[in-house]
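Each chain, letter by letter, is given below.
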Amino acid sequence: MVGCLRRIREYTSRCQSFCYNQTYMDHLDKPVIIAFSTDKVLLAQMQRSAIRSGFRLNVFQDASQFAGPYPAQMGDVFAEPQGGLEFDLIDKLSAWQPALILIDLDAEDIPWKKWVALIKSVSATRRLPLICIGGSIPANELQFAWNLGADGVYSKGKADIQVTDWIIRHARQRDHSSLETSCQQSLSALAVHGLQLFN
């Protein structure tokens, strides 16, 4: 009887471990929303809405989380960052390919003007959807975020009832089946000609 109970416990433990690992892997497979914010209320609303909408949320509270050891920059000045904090920001965002980027305009440690302009101008990230949310900044600053290229600018006062709508409206949804189908199709004559010219 004791041996039987031990085997049942071991089996239950393995099943629980498998379910936990499977849940964790399913979580990692979900598209990610990147949020730059320190507002706990906003982040809690975002977390709930992200999970409900089939996303996971990664939060960064200040610019130093992208910092690293940088070599001294010398010589030429490039249109896109070649090193430093801005390079790391673009490098990570282009690698992660988030479904949505959220920037809290009230977060003092986030240089939002610089980052919005950078993200929406660099070729690797400019098509990533980006929204800005502000609560205590003037209306002209909200307009400035629009002018920098944000895909949406919203008030924190409406976040509790509208954040899910903002995610649905702006976040990119993965369509793996369409992608696989299009990959199976043959190249157009124009594409084949272009490849021939390139080779």
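Residues numbered from 1 in each chain as written. Predicted model: local features only at pLDDT ≥ 70, side-chain atom pairs only at ≥ 80, totals over all residues. Heavy atoms only, no water.

One pass over the full model with this rule turns up 5 aromatic pairs. With a centroid separation of 5.2 Å and 75° between ring planes, the pair formed by phenylalanine 36 and tryptophan 115 is classed as edge-to-face. On the criterion of sequence distance, the pair formed by phenylalanine 36 in strand β1 (residues 32–36) and tryptophan 115 in helix α4 (residues 112–119) is long-range, its members being 79 residues apart. With respect to class, phenylalanine 36 is no different from tryptophan 115; both count as buried. Ring centres of tryptophan 112 and phenylalanine 144 lie 6.4 Å apart, and the angle between their planes is 70°; on these two criteria the pair is classed as edge-to-face. Of this pair, tryptophan 112 sits in helix α4 while phenylalanine 144 sits in helix α5 (residues 139–148), placing them 32 residues apart in sequence. Relative accessible area serves as the criterion here: at 7%, tryptophan 112 is assigned to the buried category. Taken together, the ring pairs in this structure connect Phe36, Phe60, Trp96 and Trp115 into an aromatic cluster. (Phe/Tyr/Trp six-rings, centres within 6.5 Å; stacked < 30°, edge-to-face > 60°. Helix = DSSP H or I, 4+ residues; strand = E, 2+ residues; numbered from the N terminus. Buried < 20%, exposed > 50% of the residue type's maximum accessible area, 1.4 Å probe, protein only.)

A separate point is α4. Since the α-helix turns once every 3.6 residues, residues separated by three or four places project in the same direction. For α4, every residue scored as buried is listed here: Trp112, Trp115, Val116, Leu118 and Ile119. Along the axis of α4, the buried residues cluster in a sector spanning 165°; they form a single face. (Arc of directions from axis to C-beta.)

On to the side chain of arginine 56, then. Along the chain, arginine 56 turns up in strand β2 (residues 56–60). By relative accessible area, arginine 56 is classed as buried at 16%. Within the structure, arginine 56 has its side chain in polar contact with the backbone oxygen of lysine 30 (distance 3.0 Å). (Polar contact = N/O pair within 3.5 Å; in protein donor to acceptor, adjacent residues only side chain to side chain.)

So, on to the environment of alanine 99. Note on placement: alanine 99 falls in the loop between α3 (84–96) and β3 (100–104). Here alanine 99 falls in the buried class, since its relative accessible area comes to 4%. A C-alpha to C-alpha distance of 9.1 Å links alanine 99 and isoleucine 167, two positions 68 residues apart in sequence. With sequence-adjacent residues up to four places away left out, alanine 99 is seen in contact with Pro31, Val32, Phe55, Pro129, His170, Ala171 and Arg172. (Contact = heavy atoms within 4.5 Å.)

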